[in-house]
Amino acid sequence: MATLIALFAGLAVIVTGLTLHLRRRHSRPTENLDGLLAEQERLAQLRALRSSYSSIAMHSTHGLTTDDIGRYHR
């Protein structure tokens, strides 16, 4: 029984450590200008996609057009 508790405690410590490591790594600022520009471009594209493909926009259209596919899927 003690080994089972130790196993689960060890797994909990590993999961907690990995979670903290990934959260810290994700929240660090970008190290150089190229990374910052790429991140800003990606966020701008995500904002455009969210507004273009919102629930209201999708219910009043036929979905992706050929122009949209060429523009967003390169």
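For every chain, the first residue of its written sequence is number 1, and the numbers climb from 1 along that sequence. Where totals are concerned, whole chains, interfaces and linings use all residues; where local detail is concerned, this predicted model gives features only for residues with pLDDT of at least 70, and gives and counts side-chain atom pairs only at 80 or more. Here the side-chain values reflect all heavy atoms present in the structure, with hydrogen atoms and water set aside.

A.B. asks: Give me the lowdown on the overall build of the chain, citing residues and values where you can.
C.D. replies: Within the chain, the secondary structure is distributed over 4 helices and 0 strands. A run of H or I in DSSP counts as a helix once it spans at least four residues, and a run of E counts as a strand once it spans at least two, with each numbered from the N terminus. Along its sequence from the N terminus, the chain presents helices and strands in the succession α-α-α-α. Buried positions account for 3% of the 74 residues belonging to the chain. Here the Shrake-Rupley method, with its probe set to 1.4 Å, supplies the accessible areas, and only the displayed protein chains count as covering residues. For the chain, the computed accessible surface area is about 6,900 Å², with 63% contributed by carbon and sulfur atoms. The classification of residues rests on relative accessible area computed with a 1.4 Å probe and restricted to protein chains. Under 20% of the type maximum is buried, over 50% is exposed, and intermediate values are partly exposed.

A.B. asks: Lay out the confidence of the model for the chain with the relevant residues and their values.
C.D. replies: Confidence of the predictor at the level of single residues is given by pLDDT, which spans 0 to 100. Model confidence for the chain is summarised by a mean pLDDT of 77, while 64% of its residues fall at 70 or above. Helix H1 (residues 2-27) holds the highest mean pLDDT among the elements of the chain, 89, whereas helix H4 (residues 66-72) holds the lowest, 56.

A.B. asks: Just give me the short version of a nonpolar patch on the surface, but keep the residues and values in it.
C.D. replies: Patch definition: residues with relative accessible area over 30% and no salt bridge; like charges joined within 9 Å; nonpolar side chains (Val, Leu, Ile, Met, Phe, Trp, Tyr) joined within 5 Å. Just to be clear on terms, a salt bridge is a Lys or Arg side-chain nitrogen sitting within 4 Å of an Asp or Glu carboxyl oxygen. A contiguous nonpolar surface patch, about 870 Å² in accessible area, is contributed by Met 1, Leu 4, Ile 5, Leu 7, Phe 8, Leu 11, Ile 14 and Leu 18. On the secondary structure map, Ile 14 appears in helix H1.

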